[in-house]
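# Secondary and tertiary structure notes
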Amino acid sequence: MMEEVKEVTSTLSVDIQSIKVTEVVKDGDTLTFLIESEKLSGTGVYHVDRTYDDFEWLQQHLFSQEEVSGIQGVIFPPLPVKAQVNASAKVIKQLGILGLGEWQAYCKAMETFVRQIAAHSILGKNNAVEIFLTSSDPPGRQRVRKNIFNRLSQAMEGMRKEGYKDVDEFFQTERDHNLVFTGCAKTAAERFLDVVQTEQKIAVACGHFSTALRLCVEQGEDPDKLDFSKVCVKLSEVFDSIQKNVTSVAENNVSTLGLGLDLESRYQEAEKEMLYRRTCKLVELETTRRNAEKAKPVKKAAMEEVKKAAETEFDHISGVAKEEIARLQAARVKMLQQALVQWCEKQLLTAKESADQFNQHLQAFRGMA
């Protein structure tokens, strides 16, 4: 069982770029994801199935590596929110784009999460990642005890420490920027969700109107009624085409820019949590320094050692954090650029296909004149 995994440095036996979440199988409210990855040896392919709880277990298992130096400075790849089958409108608002039930897009989001974990210079070395990707045995289902990595919303002193003045201008500036960007990213993702939901409603309305037009068709020999029926049938076909077009546009939005904005929003939150953890360590360090200054002579040496250890740990965390921030900033530009390019390409293709179809409808109407 994966509960017994030891923290050892390991090299993944899979080609990270080949990792794919190929399918999701629904069994009631349980979703099972099929993960495929090619062996680096070139001798075959790994196939494993994992539930959402398994993904969550992996994330928490990686969170719990307190013995790994500098781990608090890592920006952990954010796990997508847990999807729900037939989610209500209220739940969709909370879950965002990934709550719409577009399973192909959701699989892509989960695939991105696994790839980012596997490719991470620190997290990818944990043996649990190798086993998660290659072992046919189910991973550990018992929850890892939550510790310093609790969500910000669960931290009672969060507001006080979030407002704590940083000793490093670089991190203070990054915290200020992150506060703004987190809000902007969340708002952008929410507004884009509104656009997609509106498009879905338009598509449904077009379908209903198409059906209603066909109900107007009458049988008989009256020329006027026959002409009217022909117009209704053709108009029904037009609205069928409009429905398909708007549906494709909505699907394109979800699978490209929608996923990009969702990932951007979750990564801003992940960076926010890392910066908060570092701030907590800063508060602890300054407390340790004050204690060392006030210590009585008999305890002075011991407290100085504690202070030096805290300073060394904090410096290492800050070093890892700076590297993580630089890496994320470069990756963020690439991720959003890729999402925007794919969005434009898919929408252009859909627009060309729709234009051809509408032109055929126009020619048909002219033939009826």
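For the structure, see preceding data.
Residues numbered from 1 in each chain as written. Predicted model: local features only at pLDDT ≥ 70, side-chain atom pairs only at ≥ 80, totals over all residues. Heavy atoms only, no water.

### Overview of the sheet that holds strand β1 (residues 20–27)
By definition, the strands of a sheet pair up through backbone hydrogen bonds, in either a parallel or an antiparallel sense. The test is simple: A pair of strands is considered paired only if DSSP assigns at least 2 bridges between the two. Secondary structure counts use DSSP, requiring at least four H or I residues in a row for a helix and at least two E residues in a row for a strand, with both numbered from the N terminus. Only the stretch in contact is used when fitting a helix axis, every axis being a line fitted to C-alpha atoms; angles between N-to-C directions are given from 0 to 180 degrees.
The three strands are arranged β1-β2-β3 in an open sheet whose pairing can be described as antiparallel. Lying at the two open borders of the sheet, with one neighbouring strand each, are β1 and β3 (45–51). For this sheet the average axis-to-axis angle between neighbouring strands, irrespective of direction, equals 20°. One ladder, built from seven bridges, connects strand β2 (residues 30–38) with β3; its direction is antiparallel.

### Remarks on the side chain of S18
How we decide: Exposed residues in this analysis have more than 50% of their type's maximum accessible area, buried residues have under 20%, and partly exposed residues fall in between, with area computed by a 1.4 Å probe over protein chains only. Any pair of nitrogen or oxygen atoms within 3.5 Å is treated as a polar contact; in protein, a donor-acceptor pairing is required on top of that, and neighbouring residues in sequence qualify only through side-chain atoms on both sides. Contacts are assigned to residue pairs with any non-hydrogen atoms lying within 4.5 Å of each other.
Mapping S18 onto the fold places it in the segment before β1. Of the residues examined, S18 reaches a relative accessible area of 8% and is grouped as buried. For S18, the side chain forms a polar contact with the main-chain oxygen of D15, separated by 2.6 Å. Residues within four places of S18 in sequence aside, it is in contact with E36, S37, E38 and R115.

### As for the state of the cysteines
We count it as follows: Sulfur atoms of two cysteines make up a disulfide when they are within 2.5 Å.
Counted according to the given criterion, the structure contains zero disulfides. Between C216, a free cysteine, and C232, which holds the nearest cysteine sulfur, the sulfur-to-sulfur gap is 4.7 Å.

### A closer look at the pattern of salt bridges
Close approach of charged atoms allows side chains with opposite charge to pair. The following threshold applies: When a carboxyl oxygen of Asp or Glu lies within 4 Å of a side-chain nitrogen of Lys or Arg, that pair is called a salt bridge.
For the structure shown, the criterion picks out 16 salt bridges. The partner of R289 in a salt bridge is E311, with the nearest N and O atoms 3.1 Å apart. Linking R289 in helix α7 (residues 223–294) with E311 in helix α8 (residues 297–368), this pair joins segments that are 22 residues apart in sequence. Overlapping salt bridges, with partners in common, bring together K108, E111 and R115 in one network.

### With respect to the packing of aromatic side chains
Quick note on the threshold: Only centres within 6.5 Å qualify two rings of Phe, Tyr or Trp (six-membered ring in Trp) as a pair; their planes then separate them into stacked at under 30 degrees, edge-to-face at over 60, and tilted for everything else. Any Lys NZ or Arg CZ that is within 6 Å of a ring centre and within 35 degrees of that ring's normal is treated as a charge sitting over the ring.
Summed over the entire model, instances satisfying the criterion amount to nine aromatic pairs. The ring of Y46 carries K39 above its face, with NZ or CZ at 4.9 Å from the centroid.

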